[in-house]
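Observations on the three-dimensional arrangement
Next come the chains, spelled out residue by residue.
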Amino acid sequence: MADYSRAQLQFAYSAGRATTHVEVFCFVTRLSRITDELRTRDVDEALDRAAKAVFDWDGGTRIGASLAEFVRTWGRRGRCRGGIVVVCSDGLDRGDPDVLARVVERLARLCHRLVWTNPHPGTGALGMSVVRPHADVLVSGQDLRGLEELAALLPALERS
């Protein structure tokens, strides 16, 4: 994911600049809320602030545990309930796939739409096999075309 993180964060930054109804979190080995770090006019400053707030960039991904913390802390009372949740992940999880399956199922029930953008589509990652049944939309996140597809898709999902 490291090769794709900057583009994904720039997308999140742009979404946050377009509307105030955006919350941004990063997860590697733990969940980090970076919404406030991205709220500055200068994109490079925002990304620097976000990088400093996330201490475990290269620590290996624990998707299930991080999403469980998100659901527990932010999901029920935050904008997740009835909102569009976009997860940017390749599905390569170092944790228990059963934990990931349970939490993604719960997240899908809480939100209006669950969108998963994956920079490595078709890799057959175990995490993606348990995510696929619960995601409303799977989008490639490997290039600008995938992010443009995501940007075009979001307003339609909000209305559906």
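Residue numbers restart at each chain and count upward from 1, following the sequence in its written direction. With the structure being a predicted model, the display of local features is reserved for residues of pLDDT at least 70 and the display and counting of side-chain atom pairs for 80 or more, all residues being used for whole-chain, interface and lining totals. Only hydrogens and water are removed before side-chain values are computed, so all heavy atoms of the structure are retained for them.

Before going further, it helps to spend a moment on helix α2 (residues 43-53). Residues of α2 that are buried include every one of A46, L47, A50 and A53, and no others. For α2, the buried positions fall inside an angular range of 120 degrees around the axis, keeping them on one side. The definition of a polar contact used here is a pair of N or O atoms within 3.5 Å, where within protein one atom must be able to donate a hydrogen and the other to accept one, and adjacent residues in sequence count solely through side-chain atom pairs. Strands are runs of DSSP state E lasting at least 2 residues, helices are runs of H or I lasting at least 4, and numbering of each runs from the N terminus. For α2, the N-terminal capping position is held by D42, with its side-chain oxygen 3.2 Å away from the main-chain nitrogen of D44. Exposed residues in this analysis have more than 50% of their type's maximum accessible area, buried residues have under 20%, and partly exposed residues fall in between, with area computed by a 1.4 Å probe over protein chains only. Relevant arc is that of directions from the helix axis to the C-beta atoms, nothing else.

Now for the packing of aromatic side chains. Whether two aromatic rings pair depends on their centres lying within 6.5 Å, for rings of Phe, Tyr and Trp, where Trp uses its six-membered ring; planes under 30 degrees apart make the pair stacked, over 60 edge-to-face, and the rest tilted. Summed over the entire model, instances satisfying the criterion amount to 2 aromatic pairs. Centre to centre, the rings of F25 and F70 are 5.0 Å apart; their planes meet at 75 degrees, and the pair counts as edge-to-face. Pair noted here: F25 is in strand β1 (residues 25-27) and F70 is in helix α3 (residues 63-75), with a separation of 45 residues, a long-range link. Judged by relative accessible area, which is 18%, F25 ranks as buried. Taking the centre distance of 5.2 Å and the plane angle of 65 degrees together, the rings of F25 and W74 count as edge-to-face. One end of the pair, F25, is in strand β1; the other, W74, is in helix α3, and 49 residues separate them in sequence. Taken together, the ring pairs connect F25, F70 and W74 into an aromatic cluster.

By definition here, a helix of n residues has an expected span of 1.5 Å times n minus one. Taking 1.5 Å per residue, 16 residues should reach 22 Å; helix α6 (residues 144-159) reaches 24 Å between its end C-alpha atoms and fits that length. Maximal helix bending in α6 amounts to about 30 degrees, located at L153; proline P155 follows within four positions. Taken together, the buried positions of α6 are occupied by G146, L147, L150 and L157. One axis is fitted to the seven residues ending at the residue and one to the seven starting there. The bend at that residue is the angle between these axes.

Bringing the nonpolar core into the picture now. Residues enter a nonpolar core if they are buried and are Ala, Val, Leu, Ile, Met, Phe, Trp, Tyr or Cys, with the set joined through side-chain atoms within 4.5 Å. In this structure, L67, L100, V104, L107 and W116 are the most contacted members of the largest nonpolar core, which totals 23 residues. Put simply, the parts of the chain that give this core at least two residues each are β1, α3, β3 (84-88), α4 (97-110), β4 (113-118) and α5 (126-131). Residue contacts are counted whenever heavy atoms from the two residues lie within 4.5 Å of one another. Aside from chain neighbours lying at most four places away, what touches V104 is L67, L114, W116, V131 and H134. Counting residues in hydrophobic clusters, the runner-up holds 14 residues, among them A12, V22, C26 and L38.

A few words on the environment of E149. By secondary structure assignment, the location of E149 is in helix α6. You can call E149 partly exposed: its relative accessible area is 43%. Separated by 10 residues in the primary sequence, E149 and V139 place their C-alpha atoms 7.5 Å from one another.

All right, on to the pattern of salt bridges then. The salt bridge definition used is simple: a Lys or Arg side-chain nitrogen within 4 Å of an Asp or Glu carboxyl oxygen. Tallied over the full model, the rule gives 4 salt bridges. Measuring nitrogen to oxygen at the nearest pair gives 2.7 Å for the salt bridge that ties R33 to E23. In this pair, R33 sits in strand β2 (residues 31-33) while E23 sits in the loop between α1 (2-18) and β1, placing the two residues 10 residues apart along the sequence. E105 is the salt-bridge partner of R109, the closest N and O atoms lying 3.8 Å from each other.

The next subject is the side chain of T117. Within the fold, T117 resides in strand β4. If sequence neighbours within four positions are ignored, T117 has contacts with Q8, V86, V87, C88, S89, V139, S140, G141 and L150.

Okay, the confidence of the model for the protein next. Summary of the metric used: pLDDT quantifies the predictor's per-residue confidence within the range 0 to 100. Mean pLDDT over the protein works out to 84, with 91% of the residues at or above the 70 mark. Across the protein, α4 holds the top mean pLDDT of 93, while α1 sits lowest at 79.

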